[in-house]
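Working through the structure, step by step
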Amino acid sequence: MMRGRIVAVTGGKGGTGKSTVAVNVAAALAADEDLLLADLDVEAPDDHILLSSNLEDEQPVNVMLPFIDYGRCTKCGICAEVCDTGAIMLAKDKTPLVIPRLCSGCRSCYFACPDNAIIEGQRTIGYTYRTVISLDGGKLTLVTGMLREGEEHTPPVVVAAKRRALSEDANLYLIDTAAGTSNTVSTALDGARLTLAVTEPTPLGAHDLDMILEVAGAMGLESWVVINRSGIGSEGSVEEVVKKHDARIAVRLPYSRDVVDSYVTGKPIVLSKPDSKPAVALRKLADTVREVL
Ligand code: SF4
Ligand code: SF4
C-alpha cells in the first residue's frame, strides 16, 4: 500500500546516465530508508543489470485482443474505421483481419461492432517483476516493467509496473522513467513530488532538457537538474534552459572512468568507490533528496 513520496528520475534523451543516477541514489538511501526502486523504462530496463541482479517473481501484463466471429461478421468495416492503430485491415472482400502486434487492446472495435461479432481474447505484451536486492548495509525492492520483444505498446506495461510498485509499502518510491517526452514518460511522472532531470552539457542535452522540463512544468512538478559528465563541454546552454524553467541545478557529476568501471563490476559507484568524486556528488544528491522529502 503506497504511503511514501514519489521521486522520478528522468532524462530528455537516452544515454544521459539516468539509470546510473537512479540506481546510485537508491543505493545511497537504501541503508536508512524503506525504499522502492521502480524501473519503468520498459523497452530497455537496466537497473537490475547495474545492480547485478536477476529479475524475480514474474507476472504477465495482458491486454485484450479481439477475435472476429466470422459467422456473425457482416463485413461492414466499422471495426477497421475505429481502430486508430491500424491493427484491423480489411481484405479485398472487406473481411476484417486483426494484426495482433499493432493492437493496443483499447476495445474500441469491440464496442463499435454493430453485430457483436468481436470476441474478447487476451495476449501477453510484457511482464512485471519484483526483486529484493541486498546491498552493503541495506536492501531495496526493485519493481521492473519489461515490454515483450516485438511489441510496440508500452503504456499498459508502464501502468502495470507502476501499479505494482505503488502497491508495495515504502516511504520513498524512486521511479526511473524512459527517456524522452512520450506519454509513457508522463504516465511514469504522474504523482511525483519531485523530478530529477538528468542531462549532459551539450546543445542536444540542453534541447532535450528543455522538452522534459516543459512536460514536468505542465504537470506541475518541481524539477531539479542533474548535469552528468560535467566538464566535457560548455554548460551555458543547459544553464539557460534551467533558468527559463525556473528549475535548479541540484548537482554536477564529473566525468570519470570510475563510473564506467562500476558498470563492469555491477556495483553502484556509491558502494564500489565511495570516495570517488562522482560517488561523493551522488551521495550528496541522495542526502538532499532525503532532506527535502
Ligand atoms: S482493441 Fe483497439 S487497437 Fe486493438 S484492434 Fe480493436 S480498436 Fe484496434
Ligand atoms: S465491425 Fe463487426 S461486423 Fe463490422 S466488419 Fe468488424 S467484426 Fe465484422
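Residues numbered from 1 in each chain as written. Chains lettered and ligands numbered in written order. Predicted model: local features only at pLDDT ≥ 70, side-chain atom pairs only at ≥ 80, totals over all residues. Heavy atoms only, no water.

**Focus: the domain arrangement of the chain**
Partitioning the chain into structural domains gives domain 1 (5-60 + 127-292) and domain 2 (70-116). For domain 1 versus domain 2, the separation of C-alpha centres amounts to 40 Å. Contacts between the two partners involve four residues from domain 1 and, on the opposite side, five residues from domain 2. Overall, the association of domain 1 and domain 2 removes approximately 370 Å² of surface from exposure, summing both partners, and the carbon and sulfur fraction of that is 46%. Along the contact surface separating domain 1 from domain 2 lie one salt bridge. Ionic pairing is found between Arg 101 and Glu 152, a salt bridge with its closest N-O pair at 2.7 Å. Remark: the boundary between domain 1 and domain 2 carries two residue pairs in polar contact (both at pLDDT 80 or more). A per-class count over the side of domain 1 that touches domain 2 returns no nonpolar, two polar and two charged. (Domains from an automatic or database assignment. Contact = heavy atoms within 4.5 Å. Buried area = accessible area lost by both parts, 1.4 Å probe. Salt bridge = Lys/Arg side-chain N within 4 Å of Asp/Glu carboxyl O. Polar contact = N/O pair within 3.5 Å; in protein donor to acceptor, adjacent residues only side chain to side chain. Nonpolar A, V, L, I, M, F, W, Y, C, P; charged D, E, K, R; others polar.)

**Here's the deal with the packing of helix α7 (residues 203-218) against helix α8 (residues 236-244)**
One can describe the packing of α7 onto α8 by two numbers: an axis separation of 8 Å at closest approach and a directional angle of 15 degrees. With respect to each other, α7 and α8 are oriented roughly parallel. As for how α7 packs across α8, the hand of that crossing is right-handed. Contacts between α7 and α8 involve Pro 203, Ala 206, Leu 209, Asp 210 and Leu 213 from the former and Ser 237, Val 238, Val 241, Val 242 and Lys 244 from the latter. The residue makeup of the contact of α7 with α8, split by class, is seven nonpolar, one polar and two charged. (Axes fitted to C-alpha atoms, helices over the stretch in contact; angles between N-to-C directions. Helix = DSSP H or I, 4+ residues; strand = E, 2+ residues; numbered from the N terminus. Parallel < 35°, antiparallel > 145°, perpendicular 65-115°, else oblique. Left-handed = near helix turned anticlockwise from the far one by under 90°.)

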